[in-house]
Amino acid sequence: MYSMNLLTRVVIAAVIVAIVLVGVYFVLQEAHLGQQVTKQQAVALITNYLQNKAQNTVVNVTNVTASVYPGSWHVIASVTFNATSPCPSYAAYSFDYPQYGFVQRVQNNYTSHCVIFGLLQNRSYILAAAPLAIARSYNLSIPSINGFVGRYGYNNVVVHANFYNSIILLSKTYENVWLVNYSAPIANYSVYAAITQSGGNLLTNYTIAR
């Protein structure tokens, strides 16, 4: 009889503890969701989080709207990792902050490991951002670029891409062109490649002494 009462008391105590823990959880959740976060704060916190994930990361917040979750913001950002390497990674992420904190959803994965995913299915794919132009210029296996990277080392090479509606290169006019520039701190010259915005085809490439 005594052992039965003891067992009953243990079961009741366990139930009470469980109820208390559940209550504490919901109180903490309410407190979390009740935090007032402005649009500017949400953007700043998410930008800082992404930039701190890796060195040489470029973040561009493209859209911020009120989330379907009350008190939160739906933030979409384009993110470039290893932005000035020959093979940057470029993706679009979305967040519902502070509802899910810094948990991101991948909206689109544009390029990684020098593979441009849209270009695989569409040869007239538009290279709409610098990371795509950089990745394309490297995976074209242009001898002067490959030689430059091999000579100075992948991790020592700095790459930039600029878009031109019209540009004169080597006495010839080109339109809708990405001009990609490869340099290195100890190199005495830079390598350039001009590629089309549509399809990423090589137009010309050359070197310039520094």
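In what follows, the structure referred to is the one given above.
Residues numbered from 1 in each chain as written. Predicted model: local features only at pLDDT ≥ 70, side-chain atom pairs only at ≥ 80, totals over all residues. Heavy atoms only, no water.

A.B. asks: Explain the overall build of the protein to me, please; I cannot follow it from the model alone.
C.D. replies: The number of helices and strands found in the protein is five helices and nine strands. Secondary structure elements in the protein, listed N-terminal to C-terminal, are α-α-β-β-β-β-β-α-α-α-β-β-β-β. Here the protein holds 210 residues, and 38% of them are scored as buried. Restricting to contacts in the protein with at least 6 residues of sequence separation, those with at least 24 account for 44%. Accessible surface computed for the protein: about 12,100 Å², of which carbon and sulfur atoms make up 58%. (Helix = DSSP H or I, 4+ residues; strand = E, 2+ residues; numbered from the N terminus. Buried < 20%, exposed > 50% of the residue type's maximum accessible area, 1.4 Å probe, protein only. Contact = heavy atoms within 4.5 Å. Areas by Shrake-Rupley, 256 points an atom, 1.4 Å probe, with all protein chains shown as cover.)

A.B. asks: What am I meant to see in the nonpolar core here?
C.D. replies: Where a protein is soluble and globular, its nonpolar side chains tend to be buried together. Judged by nonpolar contacts, the single largest core of 29 residues is most densely connected at F148 and Y182. Those residues within four positions of F148 in sequence are excluded, and the remaining contacts are G153, V157, Y182, S183, A184, A187, Y189 and V191. Grouped together as the second largest cluster of nonpolar side chains are 14 residues, A42, L50, V64 and Y93 included. (Core = buried A, V, L, I, M, F, W, Y, C linked by side-chain atoms within 4.5 Å.)

A.B. asks: Which parts of the structure should I look at to understand the pairing of strand β1 (residues 58-66)?
C.D. replies: Every regular strand shows the same layout, with side chains that alternate between the two sheet faces. Pairing geometry for β1 and strand β2 (residues 73-81), over eight bridges, is antiparallel. From the neighbouring strand, V61 faces β2, where its bridge partner is A77. Where β1 hands over to β2, the hairpin turn is made up of six residues, of which G71 adopts a positive phi near 80 degrees. (Pairing = 2+ DSSP bridges.)

A.B. asks: I tried to follow the sheet that holds strand β7 (residues 172-183) on my own but got confused; where do I start?
C.D. replies: Pairing between the strands of a sheet comes from backbone hydrogen bonds, and it takes one of two forms, parallel or antiparallel. In space, the four strands of this open sheet follow the order β6-β7-β8-β9, with antiparallel pairing throughout. Across the chains shown, the open sheet's two edge strands, defined by having one partner strand only, are β6 (158-169) and β9 (202-209). If you compare each strand with its neighbour and ignore which way they point, the axes differ by 25 degrees on average. Here helix α5 (residues 143-152) sits on the sheet and contacts β7, β8 (189-196) and β9; the angle it forms with β8, its principal contact strand, is near 140 degrees. (Axes fitted to C-alpha atoms, helices over the stretch in contact; angles between N-to-C directions.)

A.B. asks: Sorry, what's going on with the packing of aromatic side chains here?
C.D. replies: Remark: the centre distance and the inter-plane angle together describe each pair of aromatic rings, the angle taken between the planes. Tallying each qualifying case throughout the model produces 11 aromatic pairs. Relative to F95, the ring of Y49 has its centre 6.4 Å away and its plane inclined at 85 degrees; by these criteria the two rings are edge-to-face. Here F95 lies in strand β3 (residues 89-97) and Y49 lies in helix α2 (residues 39-51), a separation of 46 residues in the sequence. By relative accessible area, which is 0% here, F95 ends up buried. What links up through ring pairs into an aromatic cluster is the set Y49, F95, Y97 and F102. (Phe/Tyr/Trp six-rings, centres within 6.5 Å; stacked < 30°, edge-to-face > 60°.)

A.B. asks: Teacher, can you tell me more about unusual backbone geometry here?
C.D. replies: With glycine set apart, most residues show a phi of negative sign, and most peptide bonds adopt trans. Residue P98 is bonded to the preceding Y97 through a cis peptide linkage, with omega at 10 degrees. Note that P98 resides in the loop between β3 and β4 (105-112). For N56, which is not a glycine, the phi torsion comes out positive at approximately 55 degrees. Of note, N56 is situated in the loop between α2 and β1. Residue class for N56 comes out partly exposed when judged on its relative accessible area of 37%. One non-glycine residue with positive phi stands out, namely N176, at about 50 degrees.

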